[in-house]
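Take a look at the letters that make up each chain.
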Amino acid sequence: MNHNPITTHILDSSLGKPAVGVTIKLLVLDGDNWQLLSSAVTNSDGRIDGWEQTEWYEDKGIESLFATYKICFELESYWEQQSLSAFYPSAEICFRLQDERHHHIPLLLSPYSYSTYRGS
């Protein structure tokens, strides 16, 4: 596989705009431990252009990537830039990559809540 199988974006629903400059980490469950695969920072559209490290998926078949993953959104500095005190300094989303479809994991964010869904 040569294209990114897991993407994400963040929309700050309280401001009605993308969340820019948020550091995101991608981890995979390896036995009982989480292993860091890569990280990225959201762009001006609240999306990641790609993961900084790509060797975890490049030149691999999709079935070899079937596993449980976690995306960690580091939100504290984002809230500070907005001059807001928020309840969630971070958000974590666990999910399984278990089929050949693309996995897009968006985060809808506000200072006192967040939600997600499987995007396309």
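First things first, this report covers the structure right here in the doc. A quick note: this is a predicted structure, and the numbers were derived from the prediction, not measured. (Residues numbered from 1 in each chain as written. Predicted model: local features only at pLDDT ≥ 70, side-chain atom pairs only at ≥ 80, totals over all residues. Heavy atoms only, no water.)

1. Regarding the pairing of strand E9 (residues 107–110)
Phase 1: Sheet topology note: the strand E2 (residues 10–12)/E9 ladder contains three bridges and is parallel. Its bridge partner being in E9, Ile10 is matched across the sheet by Leu107.
Phase 2: Between E9 and strand E10 (residues 113–116), which pair antiparallel and follow one another directly, the connecting turn spans two residues. (Pairing = 2+ DSSP bridges. Helix = DSSP H or I, 4+ residues; strand = E, 2+ residues; numbered from the N terminus.)

2. Regarding the side chain of Thr42
Phase 1: Tracing the backbone shows Thr42 in the loop between strand E5 (33–41) and strand E6 (67–74).
Phase 2: Reaching out from Thr42, the side chain makes a polar contact with the backbone oxygen of Ala19 at a distance of 2.8 Å.
Phase 3: With near-sequence residues (within four places) excluded, Thr42 lies in contact with Ile10, Ala19, Val20, Gly21, Val22, Ile24, Arg47 and Ile48. (Polar contact = N/O pair within 3.5 Å; in protein donor to acceptor, adjacent residues only side chain to side chain. Contact = heavy atoms within 4.5 Å.)

3. Some points on the sheet that holds strand E7 (residues 90–97)
Phase 1: If you trace the four strands from one edge of the open sheet to the other, you get E5-E4-E6-E7, paired in antiparallel fashion. Edge positions in the sheet fall to E5 and E7, since each has one partner strand and no second. Ignoring which end each strand starts from, the neighbouring axes of this sheet average 25 degrees apart.
Phase 2: In this structure, strand E4 (residues 23–30) lies alongside E5, joined through eight bridges in antiparallel fashion. Pairing of Ile24 across the sheet is with Ala40, part of E5. (Axes fitted to C-alpha atoms, helices over the stretch in contact; angles between N-to-C directions.)

4. Quick notes on the pattern of salt bridges
Phase 1: The tally for this structure, following the rule as stated, stands at five salt bridges.
Phase 2: Across the pair Lys25 and Glu74 runs a salt bridge, and its minimum N-O distance is 3.2 Å. Residue Lys25 is located in strand E4, and its partner Glu74 is located in strand E6; the two are separated by 49 residues in the primary sequence.
Phase 3: Look at Lys25 and you get partly exposed, because its relative accessible area is 32%. (Salt bridge = Lys/Arg side-chain N within 4 Å of Asp/Glu carboxyl O. Buried < 20%, exposed > 50% of the residue type's maximum accessible area, 1.4 Å probe, protein only.)

5. Structural notes on the nonpolar core
Phase 1: Grouped together as the largest cluster of nonpolar side chains are 28 residues, with contacts concentrated most on Ile6, Trp56, Tyr69 and Phe73.
Phase 2: When residues of this core are traced back to their parent elements, those giving at least two are E4, E5, E6, helix H1 (76–81), E7 and E9.
Phase 3: In this structure, Ile6 is in contact with Leu26, Trp51, Trp56, Tyr69, Ile71, Phe95, Leu97, His102 and His103, ignoring residues within four places of it in sequence. (Core = buried A, V, L, I, M, F, W, Y, C linked by side-chain atoms within 4.5 Å.)

6. Considerations on the environment of Val41
Phase 1: Along the chain, the position of Val41 falls in strand E5.
Phase 2: Along the backbone, Val41 and His102 are 61 residues apart, and their C-alpha atoms lie at a distance of 20 Å.
Phase 3: Setting aside its immediate chain neighbours within four residues, Val41 contacts Gly21, Val22, Thr23, Arg47 and Ile48.

7. A short note on the packing of aromatic side chains
Phase 1: For the structure shown, the criterion picks out six aromatic pairs.
Phase 2: The interplanar angle of 80 degrees and the centroid separation of 4.8 Å between the aromatic rings of Trp56 and Tyr57 together place this pair among those described as edge-to-face. For the pair Trp56 and Tyr57, a shared accessibility class is recorded, and that class is buried.
Phase 3: With 6.3 Å between their ring centres and 50 degrees between their planes, Trp56 and Tyr69 make a pair best called tilted. Linking Trp56 in the loop between E5 and E6 with Tyr69 in strand E6, this pair joins segments that are 13 residues apart in sequence.
Phase 4: The class for Tyr69 is buried, based on a relative accessible area of 3%.
Phase 5: Here the aromatic residues Trp56, Tyr57, Tyr69 and Phe95 are joined through ring pairs into a cluster of three or more. (Phe/Tyr/Trp six-rings, centres within 6.5 Å; stacked < 30°, edge-to-face > 60°.)

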